[in-house]
Amino acid sequence: MAVLVTIGALVLAGGIAGCQKRIAIDDRPPETIAVRYVPADGYSDCLVASAVMCGNYVLDSQRLAPRDVRSAIKAAGGDATRVGDMQRYLAGQGLRMVPLRGRFSAEPPLGLAWWVLGRGYPMICVINRHAGNAEYNHAVVVVGFRPADAARGEMRVYLLDPAAPKRLACWDRFLFEHYWGSAGWVMLPIFEEPRAPRSGGSAQTGGRP
């Protein structure tokens, strides 16, 4: 299930898998983006689930469904665990996925907080809990941050994990950075493709927020 995707200086090797289906619960703190949770449907389904979560949020609809995404990619001869094949599928839906090597900062254009807090986009991040073994790359969706303060300690990261026992996880910043760094700091923003300019008007960019 190897995949090699090159965007600029970023090379992402290995598949995105490592999922198991679990029971989700409903609970959303006010610091988080209101993304509708989608669970993984199998061991290698985390990229599909994460892309559906982010794509539907950007489209402000429930147009994308995991079963349809998997079927369409398979029918086109692709593999739903491959970033390149997912990019091609999303392009057909008017969406763009751009693999980036991100940073845990609020600085544009690669800062994770800049995308999530500054622009209001949920962010697919690739993490790895197995010392960087690419066979265990796993996609999660970062939806917010809990600021650090004297009472609660270090900043924490809110994420939707398609394979977690609970739909919403809250991780210590340093734990998240460790797992994210083990997968090469890869993040996969999804946004709408710019629309063609209308006659006599300016270009319409579309998308959320």
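Residues numbered from 1 in each chain as written. Predicted model: local features only at pLDDT ≥ 70, side-chain atom pairs only at ≥ 80, totals over all residues. Heavy atoms only, no water.

Draft legend 1. A look at the environment of Val142. In this fold, Val142 is placed in strand β6 (residues 138-146). Relative accessible area serves as the criterion here: at 0%, Val142 is assigned to the buried category. Remark: the alpha-carbon pair of Val142 and Val157, spanning 15 residues in sequence, is separated by 7.2 Å. With near-sequence residues (within four places) excluded, Val142 lies in contact with Leu112, Val116, Pro122, Met123, Cys125, Val157, Tyr158, Leu159 and Phe176. (Helix = DSSP H or I, 4+ residues; strand = E, 2+ residues; numbered from the N terminus. Buried < 20%, exposed > 50% of the residue type's maximum accessible area, 1.4 Å probe, protein only. Contact = heavy atoms within 4.5 Å.)

Draft legend 2. Summary view of the sheet that holds strand β9 (residues 186-188). On the basis of which strands lie adjacent, the open sheet formed by 6 strands has the order β4-β9-β5-β6-β7-β8 and antiparallel pairing. A strand with exactly one partner marks an edge of an open sheet, and here the two such strands are β4 (100-101) and β8 (168-172). Relative to strand β7 (residues 156-160), β6 runs antiparallel, the two being bridged by 5 bridges. From the neighbouring strand, Arg146 faces β7, where its bridge partner is Arg156. Packing of helix α1 (residues 46-59) onto the sheet brings it into contact with β5 (123-127), β6, β7 and β9, and relative to β6 it is tilted by some 40°. Across the face of the sheet, helix α5 (residues 173-182) comes into contact with β5, β6, β7, β8 and β9 while running at roughly 95° to β8. (Pairing = 2+ DSSP bridges. Axes fitted to C-alpha atoms, helices over the stretch in contact; angles between N-to-C directions.)

Draft legend 3. Spatial organisation of the packing of aromatic side chains. Scanning the entire structure with this criterion turns up 8 aromatic pairs. When the centroid spacing of 5.8 Å and the interplanar angle of 85° are considered together, the rings of Phe104 and Phe145 count as edge-to-face. Taken as a pair, Phe104 in the loop between β4 and α4 (112-118) and Phe145 in strand β6 lie far apart in primary sequence, 41 residues in all. Taken as a pair, Phe104 and Phe145 share a single burial class, namely buried. Ring geometry for Trp115 versus Tyr121: centroids 6.0 Å apart, planes at 70°, classification edge-to-face. The structure contains a cluster of three or more aromatic residues connected by ring pairs, namely Phe104, Phe145, Phe176, Trp180 and Trp185. Above the face of the Trp115 ring, Arg119 is positioned so that its terminal group lies 5.0 Å from the ring centre. (Phe/Tyr/Trp six-rings, centres within 6.5 Å; stacked < 30°, edge-to-face > 60°. Lys NZ or Arg CZ within 6 Å of the ring centre and 35° of its normal.)

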